[in-house]
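# Fold and geometry: a report
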Amino acid sequence: MNDRKVSIAYYFCRGRYSSPAGAFTLIELLVVITIIALLVSILMPALGRARKQAQAVVCLSNMRQMGLAVQAYMVTNNGYLPPSSCHITDKNKWWLNLLAKYTGQPLLLRCPSDKAENFVDWDKPLAEQQDCRYSSFAVNSLLDPICFRYGAGKNRYNRVDQVRRPNYCIWISEAPNTENFLLADHLHPESWGGSPEYAITFIAADRHLGKSNYLFVDGHAASLAFDETYNEIQCYWYPESAPAWPSDF
């Protein structure tokens with residue numbers, strides 16, 4: 001009889017205080033949640049970096065398409081580069097619109113990593129969009145058809161065979177979302193005064209994990225840190241001297 005009472009007591013005790021087979025206790029559940037949260041915190045930065053790297057690859061590929069397009073453009077235009085908006089008003093003659101005719105797919109006006117929303121709507125008058133940007137990209141005005149650094153007339157460096165070393169001279173860079181590029185699509189390296197600290201304000205220098213994409217006059221594209229393009233030893237911005245500094249600096 002006593003043994004029977006002990007068995008019944010054990011049964012009720014086990015049924016009351018023990019969890020059903022296969023179920024989690026509260027502590028086990030908290031441990032699982034903590035592990036999942038820890039894994040998420042570890043993986044999220046890696047996923048974010050992978051997404052940014054993918055955006056950089058898309059942008060660089062777009063730059064390469066620009067390079068192919070400009071090579072085709074120069075073949076049909078006696079070796080001359082297309083103009084920026086500096087001395088033209090017809091949007092159809094803008095360099096990126098011109099290049100779009102020489103590639104089999106649309107060129108991106110906006111880098112995937114450029115999260116700004118103030119881009120021009122080309123279906124509306126530009127006069128109504130004073131606080132907007134043309135694109136994520138800007139051309140080197142030293143290669144424009146007219147550049148007052150080289151005199152008031154036609155700029156000889158607008159023709160690629162006049163550029164000292166085309167593979168070391170930047171034609172297109174990535175522009176930041178600043179007031180300097182509202183309804184503008186070009187930059188002026190001659191105004192930088194040899195100051196990397198000032199010059200970098202005109203480039204989206206860290207848009208791609210501390211680097212930016214550049215298209216060179218010879219048509220190749222590269223992802224570089226800005227100080228690789230503009231430092232006390234070398235400069236990739238002046239068509240008459242690149243990769244060296246011009247004599248007047």
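Here is what the cut-offs are and how they apply
Residues numbered from 1 in each chain as written. Predicted model: local features only at pLDDT ≥ 70, side-chain atom pairs only at ≥ 80, totals over all residues. Heavy atoms only, no water. Helix = DSSP H or I, 4+ residues; strand = E, 2+ residues; numbered from the N terminus. Buried < 20%, exposed > 50% of the residue type's maximum accessible area, 1.4 Å probe, protein only. Core = buried A, V, L, I, M, F, W, Y, C linked by side-chain atoms within 4.5 Å. Contact = heavy atoms within 4.5 Å. Patch = residues over 30% accessible without salt bridge, like charges linked within 9 Å, V, L, I, M, F, W, Y side chains within 5 Å. Areas by Shrake-Rupley, 256 points an atom, 1.4 Å probe, with all protein chains shown as cover. Salt bridge = Lys/Arg side-chain N within 4 Å of Asp/Glu carboxyl O. pLDDT = per-residue confidence, 0-100. Pairing = 2+ DSSP bridges.

## Topic: unusual backbone geometry
Backbone phi values are negative for most residues with the exception of glycine, while trans is the configuration of most peptide bonds. Omega for the bond connecting alanine 242 with proline 243 falls within 30 degrees of zero, at 10°, which places this linkage in the cis form. Position of proline 243 among the secondary structure elements: in the segment after helix H5 (226-229). Of note, the phi angle at asparagine 78 is positive, near 55°, even though the residue is not glycine. You can see asparagine 78 is positioned in the loop between helix H2 (26-75) and helix H3 (95-99). Relative accessible area serves as the criterion here: at 58%, asparagine 78 is assigned to the exposed category. Unlike most non-glycine residues, leucine 183 shows phi in positive territory, near 50°. Position of leucine 183 among the secondary structure elements: in the loop between strand E2 (170-174) and strand E3 (186-187).

## Concerning the nonpolar core
Grouped together as the largest cluster of nonpolar side chains are 34 residues, with contacts concentrated most on Met66, Trp95, Leu99, Phe137, Leu143, Trp171 and Ile172. When contributions to this core are tallied by element, the ones reaching two or more residues are H2, H3, strand E1 (137-140) and E2. Here the element with the most residues in this core is H2; it accounts for eight residues. Ignoring sequence-local partners within four residues, the contact set of leucine 99 consists of Met66, Ala69, Val70, Tyr73, Pro82, Leu107 and Trp171. With 23 residues, the next largest nonpolar core counts Ala222, Leu224, Trp237 and Tyr238 among its residues.

## A short note on a nonpolar patch on the surface
Nonpolar side chains collect at one region of the surface, where Ile27, Val31, Ile35 and Leu39 lie side by side and expose about 390 Å² of accessible area between them. Looking at where isoleucine 35 falls in the secondary structure, it is placed in helix H2.

## What about the confidence of the model for the protein?
Here the protein averages 86 in pLDDT, and 88% of its residues register 70 or above. Across residues 8-12 the pLDDT falls below 50, and counting only partners more than four positions away or on other chains, this stretch makes zero contacts in the model.

## Looking at the pattern of salt bridges
Evaluated as defined, the whole model comprises six salt bridges. Close ionic contact of aspartate 114 with arginine 133 constitutes a salt bridge, the shortest N to O distance being 2.8 Å. Of this pair, aspartate 114 sits in the loop between H3 and E1 while arginine 133 sits in the loop between H3 and E1, placing them 19 residues apart in sequence. With respect to class, aspartate 114 is no different from arginine 133; both count as buried. We note a salt bridge from arginine 159 to aspartate 161, for which the minimum N-O separation is 3.1 Å.

## Some remarks on the sheet that holds E3
An order of E3-E1-E2-E4-E5 is seen for the five strands of this open sheet, with the pairing classed as mixed. Two strands lie at the open edges of the sheet, namely E3 and strand E5 (221-224), each paired on one side alone. In the sheet, E1 pairs with E2 via three bridges, with the strands oriented antiparallel. Counted as the bridge partner of valine 139 is isoleucine 172 from E2.

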